[in-house]
Amino acid sequence: LATARDWARASRPGIQRAEIVIAYSAHPAFDKAAHYLDLAVRRIPLRNDFRADVDAMAAAVTPSTILIAGSAPAFPHGVFDPIADIATLARRRNLWCHVDACVGGFVAPFVRGIGYPVPDFDFRIEGVTSISADLHKYGFTAKGASLLLLREAAMRKYLVFEFDNWPRG
């Protein structure tokens with residue numbers, strides 16, 4: 001969220017308090033990060049199939065919205081949000097589109113590879129800006145290790161913290 005916030009500060013100045021729009025089923029880490037980054041969270045209801053309601057998401061977007069996100073899959077119900085529709089909404093509204101693939105990022109490609117239908121959720125979808133995946137779930141690393149993938153290398157400047165005001169550089 002910090003990367004999207006900093007992108008929005010540079011590309012959409014004038015927003016007093018930035019907002020994110022996520023589904024009710026989105027991971028609580030969004031709320032925790034938003035708390036520390038002074039972002040407002042707007043959670044939208046789920047459809048009857050437990051997926052994010054993109055129409056409700058669109059209705060929740062305001063001029064202060066900087067990011068919308070979907071899960072691949074959502075942890076509580078194990079279903080993929082309609083990422084292509086979320087990305088289309090983001091593209092039309094000039095919003096950052098994040099995919100929380102923390103569970104599915106390391107499993108879904110292999111599940112697809114053995115023949116199960118897995119919807120696209122990655123950078124094959126135009127409009128997806130970033131994807132997170134948890135290395136600690138299926139990447140064989142220690143708890144808490146995750147990664148953030150960015151669609152464009154130019155977005156890296158909003159991710160990296162640089163500091164050279166110290167005697168060691």
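It should be noted that the structure appears before, not after, this text.
Now for a quick tour of the structure. Here the structure is a predicted model, which is why all the values come from computation and not from measurement.

## Description of the environment of Ala 18
Here is step 1 of the chain: Residue placement: Ala 18 occurs in the loop between α1 (2–11) and β1 (19–23).
Here is step 2 of the chain: Residues Ala 18 and Ala 145 lie 127 residues apart in sequence; the distance between their C-alpha atoms is 27 Å.
Here is step 3 of the chain: Those residues in contact with Ala 18 that lie beyond four places of it in its chain are Asp 38, Leu 39, Ala 40, Ser 64 and Ile 66.

## Observations concerning helix α4 (residues 83–93)
Here is step 1 of the chain: Considered for burial, the residues of α4 that qualify are Ile 83, Ile 86, Ala 87, Leu 89 and Ala 90. Projected down its long axis, α4 shows its buried positions confined to an angular sector of 160 degrees, all on one face.
Here is step 2 of the chain: Once α4 finishes, Asn 94 follows within two positions and takes phi at roughly 55 degrees, a positive value.

## Re the side chain of Asp 81
Here is step 1 of the chain: Note on placement: Asp 81 falls in the loop between β3 (65–71) and α4.
Here is step 2 of the chain: Put simply, Asp 81 is tucked away with no salt bridge, and the nearest opposite charge, on Arg 51, sits 6.3 Å away.
Here is step 3 of the chain: Dropping the residues within four chain positions of it, Asp 81 is found in contact with Phe 50, Arg 51, Ala 52, Gly 70, Ser 71 and Ile 86.

## Remarks on the nonpolar core
Here is step 1 of the chain: Counting 27 residues, the largest nonpolar core has Ile 44, Met 57, Ile 68, Val 99, Phe 121 and Val 128 as its most contacted members.
Here is step 2 of the chain: For this core, the secondary-structure elements that each account for two or more residues are β1, α3 (54–60), α4 and β4 (96–100).
Here is step 3 of the chain: Setting aside residues no more than four positions away along its own chain, Val 128 makes contact with Ile 83, Ala 87, Cys 97, Val 99, Asp 122, Phe 123 and Arg 151.
Here is step 4 of the chain: In this structure, Trp 7, Ala 18, Leu 39 and Leu 150 belong to the second largest nonpolar core, which totals 18 residues.

The rules behind the values
- Residues numbered from 1 in each chain as written.
- Predicted model: local features only at pLDDT ≥ 70, side-chain atom pairs only at ≥ 80, totals over all residues.
- Heavy atoms only, no water.
- Helix = DSSP H or I, 4+ residues; strand = E, 2+ residues; numbered from the N terminus.
- Contact = heavy atoms within 4.5 Å.
- Buried < 20%, exposed > 50% of the residue type's maximum accessible area, 1.4 Å probe, protein only.
- Arc of directions from axis to C-beta.
- Lys, Arg positive; Asp, Glu negative; His and termini not counted.
- Salt bridge = Lys/Arg side-chain N within 4 Å of Asp/Glu carboxyl O.
- Core = buried A, V, L, I, M, F, W, Y, C linked by side-chain atoms within 4.5 Å.

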